[in-house]
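Topology and contacts: notes
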Amino acid sequence: MAEKIGFIGLGIMGKPMAKNLINAGYDVTVYDIFPEPIEEMVGAGATAGNSSADVASKTDIVITMVQDGPQARQAILGEGGVIDGASEGDLVVDMSSIAPGVSQELGSGLAGKNINFLDAPVSGGEPFAISGDLAIMVGGGAADFERAKPLFDVVGKSAVLCGAHGAGNVTKLANQIVVGANIHGLAEALVLATAAGVNPQTVFEAIQGGLAGSNVMNAKAPMMVSRNFEPGFRIELHYKDINNAMETARALNVPLQVTANLQQVLTSLVVGGDGRNDHAGILRYVEQLAGVEVKEL
Ligand code: NAD
């Protein structure tokens, strides 16, 4: 019989991922600290849980998809958390993007009760969460990875075991550095084009098939040109990831110059009130420096 699935954290990413599991035939019990997404998911075929512990007591594999380390710690190890309801041999898969050190802490906390753990953050954003095409980077044991693989195959198009607990989130930090630096570079490119009187949409179309082209460019250039900053992936979440990257780098004495600069850009945007915009809104920081607004010419 297929394993019963718990899903905790029903935000931009969690809802479509849980829906895909339901549509694939899994029995899914859900929980969020807010009632609205639970009601929506019950409408989509889920069973409502009334706490993380309650979800864990009724399921075999519990997925968590919350904002950051403090929320993951609360949902998994906190009072009324997964650890209070899970049984020996259950598997917890934290798919949130959090600091690698916190993933290791969650793994050890659960191991004390013989509960298994994987950190399995994702890349691809809301569109790939909806289409079931996420890229999943995993930290933990091989047997746990094989056990979770059928679920990863539903919510994602690739899942790679990167190493022990925390390795999934190290890989995610690497991903966020590359994505953030690309968006910042793309923003500068489109501001320069606009200032020079060349249509930024045309620049995008001309370069997307060359070496500069990327998934980031295909997703974010149209948003920048149409000035659509609806998330998607919020600046405040990217800020969280880059802060986690800098904290990890500091602990390892690794200098990261591009990442350090990106941290300053994101700090400025968050302090300026743009934190809830999509990270395509990094454009607004570059525009303010240049006094140029990107638009179709
Ligand atoms: P979100 O803020 O939309 O959703 C998080 C949900 O978790 C919220 O509904 C919140 O109420 C719930 N939650 C928080 N603490 C909880 C707790 N203790 N118990 C139960 N529910 C709790 O965030 P999101 O955009 O879905 O992102 C989730 C994670 O995925 C983040 O770590 C983010 O960095 C990562 N991520 C997001 C994207 C994206 O494009 N949005 C892409 C890749 C990775």
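Preceding block: the structure.
Residues numbered from 1 in each chain as written. Predicted model: local features only at pLDDT ≥ 70, side-chain atom pairs only at ≥ 80, totals over all residues. Heavy atoms only, no water.

What follows concerns the site of the ligand. Not every one of the 27 residues close to the ligand is listed here, only the nearest: Met13, Asp32, Gln67, Ser97 and Lys240. Met13 is positioned such that a nitrogen or oxygen atom in its backbone is 2.9 Å from an oxygen atom of the ligand. Val66 is positioned such that a nitrogen or oxygen atom in its backbone is 3.1 Å from an oxygen atom of the ligand. Computed on the free molecule, the ligand has an accessible area of 830 Å², of which 93% lies beneath the protein chains in the complex. For the shell around the ligand, the secondary-structure elements that each account for two or more residues are α4 (69-77), α7 (125-131) and α12 (235-252). (Near = heavy atom within 4 Å. Polar contact = N/O pair within 3.5 Å; in protein donor to acceptor, adjacent residues only side chain to side chain. Areas by Shrake-Rupley, 256 points an atom, 1.4 Å probe, with all protein chains shown as cover. Helix = DSSP H or I, 4+ residues; strand = E, 2+ residues; numbered from the N terminus.)

A complete count under the given rule lists 13 salt bridges for this structure. Residue Glu3 pairs with Arg147 through a salt bridge whose shortest N-O separation is 2.9 Å. Taken together, the residues Glu3 in the segment before β1 (5-8) and Arg147 in helix α8 (residues 142-155) connect sequence positions 144 residues apart. Asp54 is paired through a salt bridge with Lys58; the nearest N and O atoms lie 2.9 Å apart. A residue is classified by how much of its surface remains accessible, and Asp54, at 13% relative accessible area, is buried. Using a relative accessible area of 43% as the deciding quantity, one classes Lys58 as partly exposed. Through salt bridges with shared partners, a single network forms among Lys15, Lys19 and Glu40. (Salt bridge = Lys/Arg side-chain N within 4 Å of Asp/Glu carboxyl O. Buried < 20%, exposed > 50% of the residue type's maximum accessible area, 1.4 Å probe, protein only.)

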